[in-house]
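# Overview (structure and organization)
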Amino acid sequence: MSKSQIIFDIELDEENVPEKISWSATDNPGGNTSTETKAVSIALWDQSAKQSLRIDLWTKDMPVDEMKKFYIECIAGLGDGIKRSTNDEEMALQIHELCDKLVEHVKKSAEK
């Protein structure tokens, strides 16, 4: 059995707000090099509690418009994942329709 690790390094300011986020993976084809990012969102399933656990981190210099796009893309990815894992096409479709509405909302908000 093989193993893989994904490692997140978070540099915090004096108020414990992330200033820098980087990650690396042991099975990265390009080598185990660290890559900087502005945000990370991780969802885990707690089998014993039968509920999800979330870790959402972003750097204080992440632009708001990029944060909104990041979350819309995360939601769309959940739609893709639900289709692949359960074959529930209707649920995936509704998630993607929500994303389309959110994209329009973001566009209208930017115009103001």
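Residues numbered from 1 in each chain as written. Predicted model: local features only at pLDDT ≥ 70, side-chain atom pairs only at ≥ 80, totals over all residues. Heavy atoms only, no water.

## Some words on the pattern of salt bridges
For the structure on display, the rule yields 6 salt bridges. With a closest N to O distance of 2.8 Å, D61 and K38 form a salt bridge. Of this pair, D61 sits in the loop between β5 (51–58) and α1 (64–86) while K38 sits in the loop between β3 (35–37) and β4 (39–46); the two residues are 23 residues apart in sequence, bridging distant segments of the chain. Put simply, R54 and D56 hold a salt bridge, and the shortest N to O gap is 2.7 Å. On the accessibility criterion, R54 (47% relative accessible area) is partly exposed. In the salt-bridge network here, residues are joined through shared partners; they are D13, E19 and K60. (Salt bridge = Lys/Arg side-chain N within 4 Å of Asp/Glu carboxyl O. Helix = DSSP H or I, 4+ residues; strand = E, 2+ residues; numbered from the N terminus. Buried < 20%, exposed > 50% of the residue type's maximum accessible area, 1.4 Å probe, protein only.)

## Some details on the sheet that holds β3
A sheet is described by the order of its strands in space; here 3 strands give the open sequence β1-β2-β3, paired in antiparallel fashion. Only two strands of the sheet have a single partner each, and these edge strands are β1 (6–12) and β3. Mean inter-strand twist for the sheet, computed between neighbouring axes without regard to direction, equals 30°. Across 7 bridges, β1 lies against strand β2 (residues 18–25) in antiparallel orientation. Looking at the pairing, D9 lines up with S22 of β2. (Pairing = 2+ DSSP bridges. Axes fitted to C-alpha atoms, helices over the stretch in contact; angles between N-to-C directions.)

## Details of the environment of A92
Inspection of the secondary structure puts A92 in helix α2 (residues 89–111). With 10 residues separating them in the primary sequence, A92 and I82 have C-alpha atoms 6.2 Å apart. Residues in contact with A92, not counting those within four places in the same chain, are G79, I82 and K83. (Contact = heavy atoms within 4.5 Å.)

## Considering the pairing of β4
Taken together, the 8 bridges between β4 and β5 define a ladder with antiparallel strand orientation. Following the sheet pairing, A43 is matched in β5 by R54. Hairpin connection between β4 and β5: a loop of 4 residues separates the two successive antiparallel strands, and K50 in this loop has a positive phi of roughly 55°.

## Details of α1
Turn by turn, an α-helix covers 3.6 residues, leaving residues three or four places apart pointing in a common direction. Here α1 is 23 residues long and its end C-alpha atoms lie 33 Å apart, about the 33 Å a rise of 1.5 Å per residue gives. Here α1 has its buried residues at M67, I72, A76, G79, G81 and I82. Lining the buried residues of α1 we find β4, β5 and α2. In the segment just after α1, N87 is the residue with positive phi, at about 65°. (Expected span 1.5 Å × (residues − 1).)

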